[in-house]
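Topology and contacts: notes
Residue strings, one per chain:
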Amino acid sequence: MPVPDNGSPKGGKLVILSAPSGGGKTTIAGELLRLDPTLHRSISVTTRKQRPGEIDGRDYFFISKQEFDRRLADGQLLEHTQIHGNHYGTPADYILQQLESGQKVLLVIESLGMRQIKKRPELTNYLTAIFLLPVTMQELWDRLAARPRTDALENQRRIQNAYGEIAFYNEYDYIIVNRTIAESTALAYKIATDDALGLQACRPNDLMVRTHVADLLDQVVV
Ligand code: 5GP
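Scoring rules and cut-offs
- Per-chain numbering applies: the sequence of each chain, read as written, is numbered from 1 onward.
- Only residues with pLDDT of 70 or above have their local features reported here, since the model is predicted, and side-chain atom pairs are shown and tallied only from 80 upward, although totals for entire chains, interfaces and linings are computed over all residues.
- With hydrogens and water excluded, all non-hydrogen atoms of the structure serve as input to the side-chain values.
- Throughout this document, a residue counts as near a molecule or strand when at least one of its heavy atoms sits within 4 Å of that molecule or strand.
- Between N or O atoms, a polar contact is any pair within 3.5 Å; within protein, one atom must be a potential hydrogen donor and the other a potential acceptor, and residues adjacent in sequence are included only when both atoms are from side chains.
- Accessibility throughout is a Shrake-Rupley quantity obtained with a 1.4 Å probe, and a residue counts as covered only by protein chains that appear here.
- Runs of H or I in DSSP of at least four residues are treated as helices and runs of E of at least two as strands, each being numbered from the N terminus.
- When residue character is reported, Ala, Val, Leu, Ile, Met, Phe, Trp, Tyr, Cys and Pro are called nonpolar, Asp, Glu, Lys and Arg charged, and the others, Gly included, polar.
- For each residue, the accessible area found with a 1.4 Å probe, counting protein chains only, is set against the maximum for its type, and the residue is called buried under 20%, exposed over 50%, and partly exposed in between.
- Any two residues having at least one pair of non-hydrogen atoms within 4.5 Å are treated as being in contact.
- We treat two strands as partners when DSSP finds at least two bridges between them.
- For helices, the fitted axis covers only the stretch in contact; all axes are lines through C-alpha atoms, and the angles between them, taken along N-to-C directions, range from 0 to 180 degrees.
- Only centres within 6.5 Å qualify two rings of Phe, Tyr or Trp (six-membered ring in Trp) as a pair; their planes then separate them into stacked at under 30 degrees, edge-to-face at over 60, and tilted for everything else.

Surrounding the ligand, one finds 15 residues, the nearest of these being Arg48, Tyr60, Glu79, Tyr88 and Glu110. Interatomic distance of 2.4 Å between a side-chain N/O atom of Tyr88 and an oxygen atom of the ligand. The backbone of Val108 places a nitrogen or oxygen atom 3.3 Å from an oxygen atom of the ligand. About the coverage of the ligand: the protein hides 88% of its 510 Å² of free accessible area. Elements supplying a minimum of two residues to the shell around the ligand: β5 (77–83) and β6 (86–91). Counted by class, the shell around the ligand contains five nonpolar, five polar and five charged residues.

Laid out in structure tokens, this is it:
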């Protein structure tokens, strides 16, 4: 499998977008893709059941556990994870081909996957990882509770996971507090398009960001 030359990214870029469940990543990813037609979304493979409204090949490639294991053993997945008993993985070929030809790719994955990608030296030069933080944990809870076919126990589990995911914040390059869709999309767009961007206020070591994370981790949802 061809691997991009670490020293010559040729303009290719790998943008990772993560957020806790209910944190708005699907919305922001959709807006970002609409705003930037040069950004291509990677479509993951998953063993989870297809939900109503989802389309195979658009939302995910829905595959069996046996097929997932085969691809994993063949080295076809760039990273993989298991969430709530379902397996998810990022197909390697698509991303490597896009990066090799100087394209920008968006990956909407969770923190453990981001960590695996970060450990791949051949991808370091291409990578920009963005984490969306909620304004409050209660807001996250309310958004989960407002979803159709909501399940209180499942939402409890998602909120618990959210605390764990937020604790990974300083492994990301940029942090966006998701106050409004418009503001978060505009920031994500800047980050995805401008290589020389400083944007210190969105860096994980920024005092406001660190204070916000500490506040979130202290909040108890009721
Ligand atoms: P859902 O089942 O609700 O579509 O996704 C559950 C979680 O899996 C989300 O946080 C989503 O971002 C994450 N996810 C989707 N595809 C992948 C993938 O290929 N790799 C990893 N690590 N996470 C993924």
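Let us now look at the side chain of Ser21. Note on placement: Ser21 falls in the loop between β1 (13–18) and α1 (25–35). On the basis of relative accessible area, Ser21 is assigned to the buried category, the value being 17%. Here the side chain of Ser21 touches Arg158 through a polar contact of 2.7 Å, side chain to side chain. Other than its neighbours up to four places away in sequence, Ser21 contacts Leu140, Leu144, Arg147 and Arg158.

Take the environment of His40 next. Looking at the secondary structure, you find His40 in strand β2 (residues 39–41). When its relative accessible area of 25% is taken as the criterion, His40 is described as partly exposed. Separated by 139 residues in the primary sequence, His40 and Arg179 have C-alpha atoms spaced 25 Å apart. Apart from residues lying up to four places away in sequence, His40 is in contact with Leu33, Tyr94, Gln98, Gln103, Lys104, Val105 and Leu106. At 2.9 Å, the side chain of His40 and the side chain of Gln103 are in polar contact.

This part covers the sheet that holds strand β7 (residues 104–108). To summarise the sheet geometry, strands pair through backbone hydrogen bonds and adopt either a parallel or an antiparallel arrangement. One open sheet holds the five strands; their spatial order is β2-β7-β1-β8-β9, and the pairing between them is parallel. For this open sheet the edge positions go to β2 and β9 (174–177), each flanked by a neighbour on one side alone. Averaged over all pairs of adjacent strands, the angle between their axes in this sheet comes to 25°, without regard to strand direction. In the sheet, β1 pairs with β7 via five bridges, with the strands oriented parallel. In the strand pairing of β7, Ile16 is matched with Leu107. Each of β1, β2, β7 and β8 (127–133) is contacted by α1, which is oriented at about 165° to β7, the strand it contacts most.

A separate point is the packing of aromatic side chains. Under the counting rule described, the total for this entry stands at three aromatic pairs. Here Tyr60 and Tyr88 contribute two aromatic rings whose centre-to-centre distance is 5.8 Å and whose plane-to-plane angle is 55°, an arrangement assigned as tilted. Placement of the pair is Tyr60 in the loop between β3 (45–46) and β4 (61–62) and Tyr88 in strand β6, with a sequence separation of 28 residues. With relative accessibility at 14%, the residue Tyr88 sits in the buried group. Considering the side-chain rings of Phe131 and Tyr172, the 5.0 Å spacing of their centres and the 50° angle between planes classify their relative orientation as tilted. A residue pair is termed long-range when its members are at least 10 positions apart, and Phe131 in strand β8 and Tyr172 in the loop between α6 (152–166) and β9 qualify at 41 residues. Both residues of the pair, Phe131 and Tyr172, belong to the buried class.

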